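Summary of the model geometry
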Amino acid sequence: MVVMFLLYSGYGIMESLKRNKEKYIKTFFTHRLVKVWLMFAIAVSLFCILNFVLDRSYPVNNYILCWIGWESVGNSNWFVFDILLLYAITNLVLVFADRCGINLKWVALSIYLLTFVMLVFLVKAGKETHWYDTILAYPAGMLYSLYKNRIEVLTRGWRWMLCALVTALVFAGFKYGLVNHFLSFSPHLQLVAFAMTSSVFALLVVLLTMKIKVDNKVLRWLGINAFSIYILQRLAMIVGTHLGFNQKGLIYAAFVIPVTLLLASIFTAVTGRINRKLFA
């Protein structure tokens, strides 16, 4: 889910730039970066309130850095931190490109390079693997947008199946066997190779969905509320654990799932109205 979101996000940004570059650059900071941060900040506020009500304590450092996702106060945080930093990188590159007249190809390549720097930074900071092993899918989505006509010509007909199958087998072997064997001298190169496989996986899913349509009302609803479900799910988990429901899996699930979906629906509706007023 994360890798596909990052790929589609990068793809969508590049598509918007291709349609109206000047206008999109002017609104990117508020309509992308600020909007995501605001929704995240509202969610974090709910966790802070719940912690106060249930008398749950975290280090002071957590309460300071939780607002950018670097630390957590019970909420999911790493994914939002990654998104905020990726959007900040994108905004920086777009402003620079607008002033210097750089074309979109170099914009995408610059973002790819800075995303790689971000990956190294997260590794050096001692963050767990899931903080950085998917982020290269974001600039990969941008590059896909730029070269999609060439890519889609190559994937028409039966050839796309053979291409996708061979690529999947090669990278599966590369990830689970060849990486450790041939790059054993360098853990950092192993990490880079591992991170790149996430982009390949995302592109393979795109190829598959070009041939197989997956769509229904439930999936559309989940798509609309995906961020709310992700960011609020631990609220219900925390309350369920506090009430002792986690002692029995079925009871815990029967509480957490509907409560999360209800909270997500309300959160999406409320933040949607706020966004329409602030970012119209």
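The rules we used
Residues numbered from 1 in each chain as written. Predicted model: local features only at pLDDT ≥ 70, side-chain atom pairs only at ≥ 80, totals over all residues. Heavy atoms only, no water. Helix = DSSP H or I, 4+ residues; strand = E, 2+ residues; numbered from the N terminus. Buried < 20%, exposed > 50% of the residue type's maximum accessible area, 1.4 Å probe, protein only. Contact = heavy atoms within 4.5 Å. Areas by Shrake-Rupley, 256 points an atom, 1.4 Å probe, with all protein chains shown as cover. Axes fitted to C-alpha atoms, helices over the stretch in contact; angles between N-to-C directions. Parallel < 35°, antiparallel > 145°, perpendicular 65-115°, else oblique. Nonpolar A, V, L, I, M, F, W, Y, C, P; charged D, E, K, R; others polar. Polar contact = N/O pair within 3.5 Å; in protein donor to acceptor, adjacent residues only side chain to side chain. pLDDT = per-residue confidence, 0-100. Core = buried A, V, L, I, M, F, W, Y, C linked by side-chain atoms within 4.5 Å.

**Some points on the overall build of the chain**
If you tally the helices and strands in the chain, you get 10 helices and zero strands. The buried share among the 280 residues of the chain stands at 39%. Long-range pairs, those at least 24 residues apart, make up 73% of the contacts in the chain with a sequence separation of at least 6. Counting every atom, the chain has about 16000 Å² of accessible surface; 69% of that belongs to carbon and sulfur.

**Quick look at unusual backbone geometry**
Its identity as a non-glycine residue notwithstanding, Asp-55 has a phi of 60°, on the positive side. Summarising the element assignment, Asp-55 is placed in the loop between helix H1 (2-53) and helix H2 (60-65). According to the relative accessible area criterion, Asp-55 is exposed, its value standing at 70%.

**With respect to the packing of H1 against helix H9 (residues 226-242)**
Two elements in contact, H1 and H9, have axes separated by 10 Å at closest approach and are oriented at 0°. With respect to their mutual orientation, H1 and H9 come out roughly parallel. Contacts between H1 and H9 involve Met-39, Phe-40, Ala-43, Leu-46, Phe-47 and Leu-50 on the former and, on the latter, Phe-227, Ile-231, Leu-232, Arg-234, Leu-235, Ile-238 and Val-239. Taken together, the residues that form the contact of H1 with H9 break down as 12 nonpolar, no polar and one charged.

**Section: the side chain of Thr-271**
In this fold, Thr-271 is placed in helix H10 (residues 249-278). Here the side chain of Thr-271 touches Thr-268 through a polar contact of 3.4 Å, landing on its backbone oxygen. Not counting residues within four places of it along the chain, the set of residues in contact with Thr-271 comprises Met-39 and Ile-42.

**A word on the confidence of the model for the chain**
Across the chain, pLDDT averages 86, with 85% of residues at or above 70. Least confident of the elements in the chain is helix H6 (residues 159-182), whose mean pLDDT is 60; most confident is H2, at 95.

**Here's the deal with the nonpolar core**
Side chains that are nonpolar tend, in soluble globular proteins, to be buried together. Of all hydrophobic cores here, the largest spans 58 residues; its most connected members are Ile-13, Leu-17, Tyr-87, Tyr-138 and Ile-231. When residues of this core are assigned to their parent elements, the largest contribution, 19 residues, is made by H1. The residues contacting Tyr-138, other than those within four sequence positions of it, are Leu-6, Ser-9, Gly-10, Ile-13, Leu-86, Tyr-87, Thr-90 and Ile-111.

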